[in-house]
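Structural overview for review
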Amino acid sequence: LTLAAIMTVNKMLIIGFFLALLSNAAQWIPMIVNTFPQLGSIASGVKAIAPSQILMMGVVLAGKLLWAAGKTTLLVNISAALALVLAALGILCGFAWLCLQFVVAKVETTLAIGLGFIFVAFGGSRWTVPYVERYWTFAVTAGVKMMSFYILLGAGMGAVFVPAFSTA
């Protein structure tokens, strides 16, 4: 009799938890996912990031290298000028890749918020609980990735200042 009562109470608590999760998912999911980029924004001092701003940072840095190559070493030292041009191209490609990864992370964050309601509904059954756990893992991972971008780009602003970046 005691074991049956414990199992019944346990099942009621689990179903009640997932009912609360499903009922409040519209408020809880965006709060959880968006907390990580807010932390990254606070830590880095960058209020907002757009993909065009990331690419602009790369263009500005590559432009500075090309300006230095053309101004000082182009006619004097061809090998140094070539190295600066190759470095500028590498930096531009790196920032383009970073911009692409930022767009992918932004899409993942949007999907984590938008699709959460579907996966939270599977939480009531013990056979579908792994899907809910994987969803929460995906949502937190997407948020942490966005936080990492804010911190990385905030640290990179010390090397290249782009006026279009809105800083705190």
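First, a word on scope: everything that follows refers to the structure included in this document.

Cut-offs used in this document
Residues numbered from 1 in each chain as written. Predicted model: local features only at pLDDT ≥ 70, side-chain atom pairs only at ≥ 80, totals over all residues. Heavy atoms only, no water. Helix = DSSP H or I, 4+ residues; strand = E, 2+ residues; numbered from the N terminus. Buried < 20%, exposed > 50% of the residue type's maximum accessible area, 1.4 Å probe, protein only. Contact = heavy atoms within 4.5 Å. Areas by Shrake-Rupley, 256 points an atom, 1.4 Å probe, with all protein chains shown as cover. Salt bridge = Lys/Arg side-chain N within 4 Å of Asp/Glu carboxyl O. Phe/Tyr/Trp six-rings, centres within 6.5 Å; stacked < 30°, edge-to-face > 60°. Core = buried A, V, L, I, M, F, W, Y, C linked by side-chain atoms within 4.5 Å.

**Some words on the overall build of the protein**
A count of helices and strands for the protein gives 6 helices and 2 strands. Each helix and strand of the protein, placed in order from N terminus to C terminus, yields the pattern α-α-β-α-α-α-α-β. Per-residue burial for the protein yields a buried fraction of 29% across its 168 residues. Of the contacts formed within the protein by residues at least 6 apart in sequence, a portion of 79% connects residues at least 24 apart. Carbon and sulfur atoms make up 77% of the accessible area of the protein, which totals about 10,200 Å².

**Observations regarding the pattern of salt bridges**
What the rule picks out here adds up to 1 salt bridge. We note a salt bridge from Glu108 to Lys145, for which the minimum N-O separation is 3.1 Å. Of this pair, Glu108 sits in helix 4 (residues 78-114) while Lys145 is found in helix 6 (residues 129-156), placing the two residues 37 residues apart along the sequence.

**Considerations on the environment of Phe36**
Inspection of the secondary structure assignment puts Phe36 in helix 2 (residues 25-44). When the C-alpha positions of Phe36 and Ser148 are compared, they lie 8.7 Å apart, and in sequence the two are 112 residues distant. With residues near it in sequence (within four places) discarded, Phe36 still touches Val140, Gly143, Val144 and Met147.

**Regarding the packing of aromatic side chains**
All chains considered together, the criterion is met by 2 aromatic pairs. Where Phe102 meets Phe149, the ring centres are 5.5 Å apart and the plane angle is 85°; that geometry is what we call edge-to-face. Here Phe102 is found in helix 4, whereas its partner Phe149 is found in helix 6, with 47 residues between them in sequence.

**Some words on the nonpolar core**
If you look at the biggest cluster of nonpolar residues, it comprises 13 residues, and the most contacted ones within it are Ile49, Ile54, Leu98, Phe102 and Leu153. Those elements that place two or more of their residues in this core are helix 3 (51-73), helix 4 and helix 6. In terms of residue count, the dominant contributor to this core is helix 4 (5 residues). Residue contacts for Ile54: discarding those within four places in its chain leaves Ile49, Phe95, Leu98, Cys99, Phe102 and Leu153. Counting residues in hydrophobic clusters, the runner-up holds 12 residues, among them Ala25, Val33, Tyr135 and Ala139.

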